[in-house]
Structure formats: C-alpha cells, structure tokens
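Observations on the three-dimensional arrangement
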Amino acid sequence: MSLLQRKILNLKTSLPNVIYSRKLYTTPHRFSELLLVHRDTKENNPKIPFQFTDANMKRIQALVQNYPAGSERSAISMVMDIVQRQIGWIPISAQHKVAELLSIPRIRVYEWVTFYSMCKRVYRGKFHVKICKCLPCMLRGSDVIVQAVEDATRCTVGGISGDSLFAVDLVECQGACANAPVIAIDDDYYEDLNVYDVYNIIQTLKCGLIPPAGPQNGRYAAEPICGLTSLLTCPPEPGHGLQSCFK
Ligand code: FES
C-alpha cells in the first residue's frame, strides 16, 4: 500500500473524530513587527541586490507608459505583482528598486506592501496554500481540509514545509462561498473539496505538475450539483418585450 493510500485510510478512519471535535481557529497570531515593521535579516536586507529580468523590465516600461507623465506611481500595484511573480516574494531591496524605478519615496512602497495581505514580505514556499476559514467553508468542512492540507504538505498552519515547497495559511473569505470548501494555491482556486481531492492536489504538485483548478466535484462552476433548476429555456431574442416603435 502506498504512502498516499495509507494516509487516506488513516484519515478515513479518523474522520468522525475530526468532525465532532471541532477545533477553534482564529487568525494566526502575527507579531506586529511582522505586519508592519521590517527588520534586517541575513536573507532580507537592503544590501542584497535585486534586479528585474529583461522581460520584466520591458513589461514595466510598457505599464508605466499607460499613465500620464508625473503619475507613474499609479503603476505600483502592477510593478509589485511583477516582483512577486519573478522571485515569489517582495524583499526590502526589491521594494527599494521599485521606489527608484517609479521615482517615489520609499515610504510609499512600504505603505503599499504592508497594506495588502497578499504581499509576501517573507518567503512563503514554492506553493502558497491558503485555506479559507470563514463561515460557509467552515460549515462545509474546512476543519477537515485544514488537517488534510497539514498532513499532505507536512506543514502546519503558519509554517513552511521542510523542503520549502509549501507554506500554509488560513485566510478570510475567498469570494467563492458557493463552492465551499475552498483553498487557493497561488493564483488557482480549488473548490468543492474533500480530503481525497486535497491529497491528490498536493501529490500532483509534488510531482511537478499543476492539477486542474476549479470545482473538484464535477461541477462546471457554481450551478446546482443536481442539475439546473432555472434558466432551463433559451433566452428570448434581443428586443423581447419592447414596444414595436423601439424595435
Ligand atoms: S467562506 Fe470560503 S470562500 Fe467564502
């Protein structure tokens, strides 16, 4: 029996306990320093050089040209996104580089990067697994999903796996409640999950492949699982119901 099969079997047998002994999750404890203050470390300090790749520099130049002269700073969100896509997180030296590129004070970049929770100011693994913990997902079994993710990635919530492949965090509503429970891995949403789906997804990522995103229970989107209950007929032609003089 493979390791994956053993894990699924273990989880299957322990499932009732997990469901009936619900854990109480709160937002992971974060020190205020981590939220708002940068402290130089060996891996993250202004002396570590950061350069955009040539392709990314061309992207940035094209983006900045979309804004009138003097308003180049409006491109900050897109430039920071490019940083994060290039190296997976936004170190302090990259923040300084962005300030220099957009000719803005560094404090403007610090403000931006500490405001948005999706900005990673510390390295969060090759795959950042974000598990929704809000009410609809909780009612649909996100506790079990949390345990499955922790088991499959060998990484506890708030941590990073030993091989730096995965980091796991609990997040607020992902805006996909109709497909609860939901996890987001980097840009992709995995929806309508059960524990087996979680193991499959994580194992596929470990094999270097990207599993298909979206609902995992066969739904196309958020339609009823038992089939459509409304909008069963073709919509009327354009102009339907209008007075004839308007047609
Ligand atoms: S509560 Fe999980 S997506 Fe909204």
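Residues numbered from 1 in each chain as written. Predicted model: local features only at pLDDT ≥ 70, side-chain atom pairs only at ≥ 80, totals over all residues.

1. Structural notes on the nonpolar core
- Ranked by internal contacts, the top residues of the largest apolar core, which has 28 residues, are V129, I131, I145, V149, I183 and V198.
- Breaking this core down by element, the ones donating at least two residues are β1 (127-132), α8 (142-153), β2 (166-171), β3 (183-185) and α9 (195-206).
- Dropping the residues within four chain positions of it, I131 is found in contact with S142, I145, V146, V149, V168, L170, V171 and I183.
- Grouped together as the second largest cluster of nonpolar side chains are 11 residues, V79, M80, A94 and V109 included. (Core = buried A, V, L, I, M, F, W, Y, C linked by C-beta atoms within 7 Å. Buried ≥ 20, exposed ≤ 12 C-beta atoms within 10 Å, placed from the backbone. Helix = DSSP H or I, 4+ residues; strand = E, 2+ residues; numbered from the N terminus. Contact = placed C-beta atoms within 7 Å.)

2. Examining the pairing of β1
- Burial within β1 is extensive, with 6 of its 6 residues counted as buried.
- Residues of β1 alternate between two faces, with F127, V129 and I131 on one and H128, K130 and C132 on the opposite face, all of them buried.
- Bridge count for β1 against β3 is 3 bridges, and the pairing is antiparallel. Directly across from V129, in β3, lies its bridge partner I185. (Pairing = 2+ DSSP bridges.)

3. A look at the sheet that holds β3
- With mixed pairing, the 5 strands of this open sheet are ordered in space as β2-β1-β3-β4-β5. Both outer strands of the open sheet, β2 and β5 (214-215), are each paired with one neighbouring strand and no more.
- Inspection of the sheet shows β3 paired to strand β4 (residues 188-191) by 3 bridges, in the antiparallel sense. Within β4, the residue paired with I185 across the bridge is D188.
- Contacts between α8 and the sheet are confined to β1, β2 and β3, with β1 contributing the most and set at about 160 degrees to the helix. (Axes fitted to C-alpha atoms, helices over the stretch in contact; angles between N-to-C directions.)

4. Considerations on α9
- Along its 12 residues, α9 runs 17 Å from first to last C-alpha, staying within 8% of the 16 Å computed at 1.5 Å per residue.
- Among all positions of α9, only V195, D197, V198, I201, I202 and L205 are buried. Here the buried residues of α9 occupy an arc of 160 degrees about the axis, which is enough to place them on one side.
- In the segment just after α9, G208 is the residue with positive phi, at about 85 degrees. (Expected span 1.5 Å × (residues − 1). Arc of directions from axis to C-beta.)

5. Thoughts on the UniProt feature "binding site: [2Fe-2S] cluster" (unreviewed entry) in the protein
- Listed under "binding site: [2Fe-2S] cluster" (unreviewed entry) in the UniProt record, and renumbered for this structure, are C132, C137, C173 and C177. With the annotated positions falling across 46 residues, the maximum pairwise C-alpha distance of 9.3 Å places them together in a single cluster.
- With respect to the helices and strands, C132 occurs in strand β1.
- Look at C132 and you get buried, because 27 C-beta atoms sit within 10 Å.
- Among all residues touching C132, those that are not within four sequence positions of it are C137, S142, V171, C173, Q174, P181, V182 and I183.
- Counting through the fold element by element, C137 comes out in helix α7 (residues 135-139).
- Given 26 C-beta atoms within 10 Å, C137 falls into the buried group.
- Once residues lying within four places of it in the same chain are set aside, the contact partners of C137 are C132, S142, A180, P181 and V182. (UniProt positions renumbered as here; feature names shortened; annotations may be inferred.)

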